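# Chain and residue survey
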Amino acid sequence: MARDPRYDILFEPIKIGPVTAKNRFYQVPHCNGMGHPNPRAVAGMRGMKAEGGWAVICTEECEIHPTGDVSPYKEARLWDDHDIPGLAMMCDAVHEHGALAGCELVHNGPSCPNHYSRELPIGPSHQPVNSYDPMQARAMDREDIRNYRRWHRDAAIRAKRAGFDVIYVYAGHDLSLPMHFLQRRRNNRTDEYGGSLENRVRLFRELIEETKDAIGDRCAVVVRYATDELIGPEGLTLEESQDIVGMLAELPDLWDVNVSAWQNDSTTSRFKPEGNQEPFIAFVKKVTSKPVVGVGRFTSPDTMVSQIKRGVLDMIGAARPSIADPFLPKKIEEGRPDDIRECIGCNICVSGDFTMSHFRCTQNPTMGEEWRKGWHPEIVPVRKSEDEILVVGAGPAGLECARTLGQRGYRVHLAEASAELGGRVAKETKLPGLSEWGRVRDYRAYQLGKLLNVEIYRGSRLDAAHVLEMGASRVVIATGADWRRDGIGRMHGFAVPGFETANVFTPDDVMAGKMIAGPVIVYDDDHYYMGGVIAEKLRRDGLEVAIVTPADLVSSWTQKTLEASHIQRRLLELGIELVVKQDVTAFKGDHVELACVYTGRRTQRACASLVTVTARLPRLDLYDKLMAQPGALIEAGIKSVTAIGDARSPGTIAAAVYQGHRYARELDEPPTGEVAFKREMPGLAV
Ligand code: ADP
Ligand code: SF4
């Protein structure tokens, strides 16, 4: 298909200092949980995006020196020449497809406890390190500053040798020394690097000038700068940033601008819509003639065009949209934007950084698996048999399984009990803030609609007899899971007294619209988003709500998706009481009994209803019935019955999509070994 001429502007080349980007799609730096210990995985992932049409592809944070060691997080590293070959792999993979490779050089100063290197942390002034680690950064003296400038220059030269085309001076996210020197609350110096704005900007300016001097002949020198910390006058404000950008306007070859800290930059769709950073970055283009890049979870080509035409941005920056769909630019270029697998803004990808493991994506099950499993997001192996496959259940697992099997060329029957596709996503997308999650269903439903070899049966609840009659040779059970009603979960191994009575509800009941009387207590022993979202819904419905959790924080796991602080604030602002470090030990009809998780001290709390959010049980009745009659399966010609997704093991939507994809991709393929992927073994050279 031909490209829509409205989008031509997105494919105009643009000069960035001495290099030229072939179009306006710019993958800004983003972490991935793989980093320097996994150079092949990183090269595979970045190279895939280059293949998908991104013009500039950047690293994650790249440490320049052992005093700026961000371990245990796995980021890029250029401490000395030993680190060059790993990053050269990424540059080669990116160059193979005509894209530019960018390196985000970083020294995170007082944000680095230096766990691995055991060097002393450094910063503009004496101050505790950002984490709660029991150590302080020492104030840098003039020699330290000279050394730091030298380390940055040396790292830039190494980056150039590795093959990078674009080299960053990074001052973003309440991280990195140039940013720390700019911040009045961190910089109490009285020398030429502290006090006046001009003095606080000095280090940033010197780094840009010295990097240009070192490698600017062949490489572009760009900055990443956060214009507002969103913490009021204690932090860097938009007003001060206008002066700072004004002072340095023409110095870098490109401005990559965003807001700080990370949870305000990579905000989930539950809290911020597409393009929400515009008020904080729109001024930059008015101040500089250099290209400007910004992010905003852009997935709509119309929004992208509007950003450029309205003079907000020159290049469309993206981390998450490029993770959810590495082929986003190609799909627009080829005139098929409807095929874009749009990011849902859930930040499961971010959790890869915090868990220090290969990152993953709810929408794109191949993300992080490019090298170690050889998975391509757009290409699947063709089918290796004539088998017909029946997939029961059209939630995320069943939809992805049917879609991938269909793409491989198998004949597929997808049966769904309800009239609607999407399973849990269809329900959860109606909860407050989760509407974008519907994209998990929408992308797959649209793709399935194009596959003539896939038949979808809506409103078809199958029992074992139906399955045996259908004549499929393989059966996939993707029937999902139900929330438990008995309180069993992390805190309780036995049913909680009183939970069997009326007025105790589950998230499934709430989503089904059951009448619930207030005041209500939401008991959250699940710790991801559901407890908080249910509390928010019930409060918005007008009920008096308190949320009780054994954890120190409501929705504790969402610290890994950068949502925890947003969630506490939203719930508090809605007037929901947050009761933390308390367990619910019984429901008595008009009150619950609570116990402090540390002291065991018991209290009571009045309520008319309780919603219990603890754990889920797989819906395995159909699976169990089929497996109980092996003779009938053989007679019906059924070679295998496999449970996937929440029906096998309840988890995240990302996990269900991954399992659905994995089943479909691996069907009839040669078996993998016990370890189902390649590993990068540590080199023994020193
Ligand atoms: P997952 O996250 O694993 O995809 P979901 O709970 O989202 O699981 O989806 C499971 C889907 O399976 C639901 O839409 C449900 O209606 C459907 N389902 C459950 N049992 C049957 C059945 N016996 N026949 C057809 N569909 C079923
Ligand atoms: Fe987007 Fe979620 Fe995928 Fe991250 S994990 S890229 S936020 S869909």
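Residues numbered from 1 in each chain as written. Chains lettered and ligands numbered in written order. Predicted model: local features only at pLDDT ≥ 70, side-chain atom pairs only at ≥ 80, totals over all residues. Heavy atoms only, no water.

## Observations concerning the overall build of the protein
Within the protein, the secondary structure is distributed over 23 helices and 29 strands. Taken over the C-alpha trace, the protein has a radius of gyration of 27 Å; the compact-globule value for 686 residues is 26 Å, and the two agree within 12%. By its C-alpha atoms, the protein is 80 × 65 × 55 Å across when sized along the principal axes. Within the protein, the proportion of its 686 residues that are buried is 61%. (Helix = DSSP H or I, 4+ residues; strand = E, 2+ residues; numbered from the N terminus. Rg over C-alpha atoms; globule rule 2.2 N^0.38 Å. Buried < 20%, exposed > 50% of the residue type's maximum accessible area, 1.4 Å probe, protein only.)

## Brief notes about the site of ligand 1
By nearness alone, 23 residues border ligand 1, and Ala397, Glu416, Arg424, Leu462 and Asp646 come closest of all. The backbone of aspartate 646 places a nitrogen or oxygen atom 2.7 Å from an oxygen atom of ligand 1. For ligand 1, the protein covers 92% of the area, taking 580 Å² as the surface of the free molecule. When the residues that make up the shell around ligand 1 are grouped by side-chain class, the tally is 11 nonpolar, seven polar and five charged. (Near = heavy atom within 4 Å. Polar contact = N/O pair within 3.5 Å; in protein donor to acceptor, adjacent residues only side chain to side chain. Areas by Shrake-Rupley, 256 points an atom, 1.4 Å probe, with all protein chains shown as cover. Nonpolar A, V, L, I, M, F, W, Y, C, P; charged D, E, K, R; others polar.)

## Thoughts on the site of ligand 2
As a matter of local geometry, ligand 2 sits amid Arg320, Ile323, Ala324, Cys343, Ile344, Gly345, Cys346, Asn347, Ile348, Cys349, Cys361 and Thr362. Counting residues per element, the ones that place at least two in the shell around ligand 2 are helix H11 (320–324) and helix H13 (348–354). Element by element, the count of residues in the shell around ligand 2 is highest for H11, at three residues. Broken down by class, the residue content of the shell around ligand 2 amounts to eight nonpolar, three polar and one charged.

## Quick word on the environment of proline 29
Positionally, proline 29 belongs in the loop between strand E3 (25–27) and helix H1 (39–51). C-alpha separation for the pair proline 29 and isoleucine 547, spaced 518 residues apart in sequence, amounts to 37 Å. Excluding anything up to four places from it in sequence, proline 29 contacts Cys58, Thr59, Glu104, Tyr168, Arg224 and Asp256. (Contact = heavy atoms within 4.5 Å.)

## Some words on the side chain of aspartate 325
One can find aspartate 325 in the loop between H11 and helix H12 (328–333). Among the residues examined, aspartate 325 registers a relative accessible area of 0% and is labelled buried. Engagement of the side chain of aspartate 325 in a polar contact is seen with the side chain of lysine 331, the distance being 2.8 Å.

## Side note on helix H19 (residues 530–540)
Within H19, eight of the 11 residues are buried, which leaves it mostly tucked inside the rest of the structure. Within H19, burial applies to Met530, Gly531, Gly532, Val533, Ile534, Ala535, Glu536 and Leu538. Of the residues one or two after H19, glycine 542 is the one with positive phi, at around 100°.

## Some thoughts on the packing of aromatic side chains
Overall, the coordinates contain 13 aromatic pairs when judged by the stated rule. On the basis of an interplanar angle of 80° and a centroid distance of 6.2 Å, the ring pair of phenylalanine 181 and tyrosine 193 is categorised as edge-to-face. Linking phenylalanine 181 in helix H4 (residues 177–182) with tyrosine 193 in the loop between H4 and helix H5 (197–215), this pair joins segments that are 12 residues apart in sequence. Across the pair, exposure class does not vary: phenylalanine 181 and tyrosine 193 are buried alike. When the centroid spacing of 5.0 Å and the interplanar angle of 85° are considered together, the rings of tyrosine 528 and tryptophan 557 count as edge-to-face. Within this pair, whereas tyrosine 528 is found in the loop between strand E21 (520–524) and H19, its partner tryptophan 557 is found in the loop between strand E22 (545–549) and helix H20 (564–573), the two being separated by 29 residues in sequence. Relative accessible area serves as the criterion here: at 11%, tyrosine 528 is assigned to the buried category. (Phe/Tyr/Trp six-rings, centres within 6.5 Å; stacked < 30°, edge-to-face > 60°.)

## Thoughts on the nonpolar core
Ranked by size, the top nonpolar core spans 90 residues in total, and within it Leu10, Leu105, Phe164, Phe204, Tyr225, Trp255 and Ile332 carry the most contacts. Take this core: its biggest share by element is eight residues, from H5. By size, the runner-up hydrophobic cluster in this structure holds 35 residues, among which are Ile344, Trp437, Val510 and Val613. (Core = buried A, V, L, I, M, F, W, Y, C linked by side-chain atoms within 4.5 Å.)

## Considerations on the UniProt feature "domain: NADH:flavin oxidoreductase/NADH oxidase N-terminal" (unreviewed entry) in the protein
In this numbering, the UniProt entry assigns the feature "domain: NADH:flavin oxidoreductase/NADH oxidase N-terminal" (unreviewed entry) to residues 10–338. Regarding residues 10–338, the helix share stands at 35% and the strand share at 18%, and the terminal C-alpha atoms are separated by 17 Å. (UniProt positions renumbered as here; feature names shortened; annotations may be inferred.)

## A few points about the side chain of threonine 404
By secondary structure assignment, the location of threonine 404 is in helix H14 (residues 396–408). Overall, the relative accessible area of 0% leaves threonine 404 in the buried class. Among all residues touching threonine 404, those that are not within four sequence positions of it are Val380, His661, Ala664 and Arg665.

## Looking at the sheet that holds strand E8 (residues 127–128)
Taken in spatial order, the three strands make up an open sheet running E7-E9-E8, and their pairing is mixed. What marks the edges here is a single partner per strand, and that holds for strand E7 (122–123) and E8. In this structure, E8 lies alongside strand E9 (residues 136–139), joined through two bridges in antiparallel fashion. Along E9, the bridge assignment pairs proline 128 with glutamine 136. (Pairing = 2+ DSSP bridges.)

## Some words on the packing of H14 against helix H16 (residues 439–449)
Viewed as axis vectors pointing N to C, H14 and H16 meet at an angle of 30°, and their least axial separation amounts to 10 Å. Comparing their axes, H16 and H14 come out roughly parallel. For H14 against H16, the interelement crossing comes out left-handed. Along the contact surface, H14 presents Pro396, Leu399, Glu400, Ala402 and Arg403, while H16 presents Val440, Arg441, Tyr443, Arg444, Gln447 and Leu448. (Axes fitted to C-alpha atoms, helices over the stretch in contact; angles between N-to-C directions. Parallel < 35°, antiparallel > 145°, perpendicular 65-115°, else oblique. Left-handed = near helix turned anticlockwise from the far one by under 90°.)

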